[in-house]
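Chain by chain, the residues run as shown.
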Amino acid sequence: MRGSLPNKGGKIRQFSCTSCKGYFLETHGTLFHGKQAAVERIVRVLACLAEGLGIRATSRVFEVDANTVLQWLVEAAEQLRAFAAYFLCELHLEQLQLDEVYAVLRAFKAGAISDKEAIKRLERSPCWVWTAMDPASKLLVVVDIGSRTLAMAQRVVHQVTEVVAPGCVPLFLTDGLKDYATALLTHYGYWRQPERCQDKGPMPKPRWMPLPALRYAQVVKSYRRRRIVGVKHRVVFGSWLAIEQVLATCGWTINTAFVERLNLDIRQRVAAIGRRVNTVCQGEAGLRDQLTLFQVYHNFVFPHASLRQACAEPMATAGRGSAKRWRPCTPAMAAGLTDHVWSLKEVLLYRVPPWPQPQVR
């Protein structure tokens, strides 16, 4: 390390390269490089956005222009996408729960389309947030935005196949959307030549069949006057026994409760998806940036009470309080991706090294 440079309330360390014998700043290759604002100030602004405060409200709290806050969010989202792609790869998952939650963009709220067209496009609206999470570790594996169509289901399942380890086929649990079955069969299927039943006639055509390891079940809910009146469990691929064996290790039954609980976290911490709010995004790009921030914050920064781990020995605190008996744990720690709780500043200062990109399968 060569020394430190002042930066409006903080100092930026300067390092020397052992290869080229040159010097570079600590913030080189990160969001903070070239910024006049203090690093701590930018981190606090992004932390408020990650906790669910809107862009304009954040700008009023920190007395920063709203366009500046938006620019910091856009630059941070670009860096965080690389961060998430670097860590979320070759995952060994036992099960995955997938769901989709409706969101409102300003173009639909402001009357950019007619009421008739809005009713027609409600189900196929592009404002759906698709999620895939591991219920055991609470790890948010995939988050995407798109219409509630087969093409989008194919896209989400394809992203799942890119982050899981080769040969890993987790148990899939979803709601009653029929497009999931087609998407899963497309990615986890193979051609099989049926046996000939008759001596004469043409050979039967090959059929696309699911892999023997594919297990998929649905939770189908019936509604009446916007209330749930019935819940049915449906096994689409695999057998009841195979699915129950996977869930029995955790003491669970077929459910989508964990991903539905995740929808609540998204609505609370992504201002644009909250119900009956005025923090509506202008378009899909802004919503995608906020979801990227939420995904990294949820996986690496925010400890979950249900994942806490008991300490081997009670740890004394700095004050006069009782000794700590529990160690905070994030979904990334529970999934074995990291060994500590990251701070948002640590995440934003992390320079993602080049790594081999996943090949298309």
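Here goes a summary of the coordinates provided. The structure displayed is predicted, hence computed values, not measured ones.

Conventions we followed
Residues numbered from 1 in each chain as written. Predicted model: local features only at pLDDT ≥ 70, side-chain atom pairs only at ≥ 80, totals over all residues. Heavy atoms only, no water. Patch = residues over 30% accessible without salt bridge, like charges linked within 9 Å, V, L, I, M, F, W, Y side chains within 5 Å. Areas by Shrake-Rupley, 256 points an atom, 1.4 Å probe, with all protein chains shown as cover. Salt bridge = Lys/Arg side-chain N within 4 Å of Asp/Glu carboxyl O. Helix = DSSP H or I, 4+ residues; strand = E, 2+ residues; numbered from the N terminus. Core = buried A, V, L, I, M, F, W, Y, C linked by side-chain atoms within 4.5 Å. Buried < 20%, exposed > 50% of the residue type's maximum accessible area, 1.4 Å probe, protein only. Contact = heavy atoms within 4.5 Å. Pairing = 2+ DSSP bridges. Axes fitted to C-alpha atoms, helices over the stretch in contact; angles between N-to-C directions. Lys, Arg positive; Asp, Glu negative; His and termini not counted. Left-handed = near helix turned anticlockwise from the far one by under 90°. Nonpolar A, V, L, I, M, F, W, Y, C, P; charged D, E, K, R; others polar.

Further remarks concern a nonpolar patch on the surface. Judged by side-chain polarity, Y223, I228 and V231 come together as a nonpolar surface patch covering roughly 320 Å² of accessible area. Residue placement: I228 occurs in strand β11 (residues 227–237).

Turning next to the nonpolar core. Core analysis: the largest hydrophobic core is formed by 62 residues, its most contacted members being L46, F172 and L348. Looking at which element gives the most residues to this core, the answer is helix α3 (residues 66–87), with eight residues. Not counting chain neighbours up to four residues away, the residues in contact with F172 comprise L96, L98, V160, L184, Y188, L214, R215, Y216 and A217. Counting residues in each nonpolar core, the second largest holds 16 residues, with V101, I145, V259 and I273 among its members.

Here we take up the sheet that holds strand β6 (residues 139–146). As summarised here, the arrangement of the six strands in space is β6-β5-β4-β7-β10-β11, forming an open sheet in which the pairing is mixed. Edge positions in the open sheet fall to β6 and β11, since each of these has one partner strand only. The average angle at which neighbouring strand axes cross in this sheet is 20°, direction not considered. Direction of pairing for strand β5 (residues 128–134) relative to β6: antiparallel, over a ladder of seven bridges. What sits directly across from M133, in β6, is L140. Packed onto the sheet, helix α6 (residues 150–163) meets β4 (95–102), β5, β6 and β7 (171–174) and runs at close to 150° relative to β6. Taken strand by strand, helix α8 (residues 240–248) contacts β4, β7, β10 (215–224) and β11, and its axis lies near 90° from that of β10.

Considering the arrangement of structural elements, one finds T253 in the loop between α8 and α9 (257–269). A residue is classified by how much of its surface remains accessible, and T253, at 56% relative accessible area, is exposed. Taking the C-alpha atoms as reference points, T253 and H233, 20 residues apart in sequence, are found 9.7 Å from one another.

Relative to the helices and strands, K138 is located in the loop between β5 and β6. For the buried residue K138, which engages in no salt bridge, the nearest side chain bearing the opposite charge is D134, 8.2 Å off. Not counting chain neighbours up to four residues away, the residues in contact with K138 comprise M133, F258, H298, N299, S306, L307 and P331.

Let's shift gears to the packing of helix α1 (residues 39–50) against helix α2 (residues 55–62). Where α1 contacts α2, the two axes come as close as 9 Å, and the packing angle between them is 145°. α2 is crossed by α1, and the crossing has right-handed handedness. Contacts from R41, R44, V45, C48 and L49 in α1 reach I55, T58 and F62 in α2. Among the residues making up the contact of α1 with α2, the classes are represented as five nonpolar, one polar and two charged.

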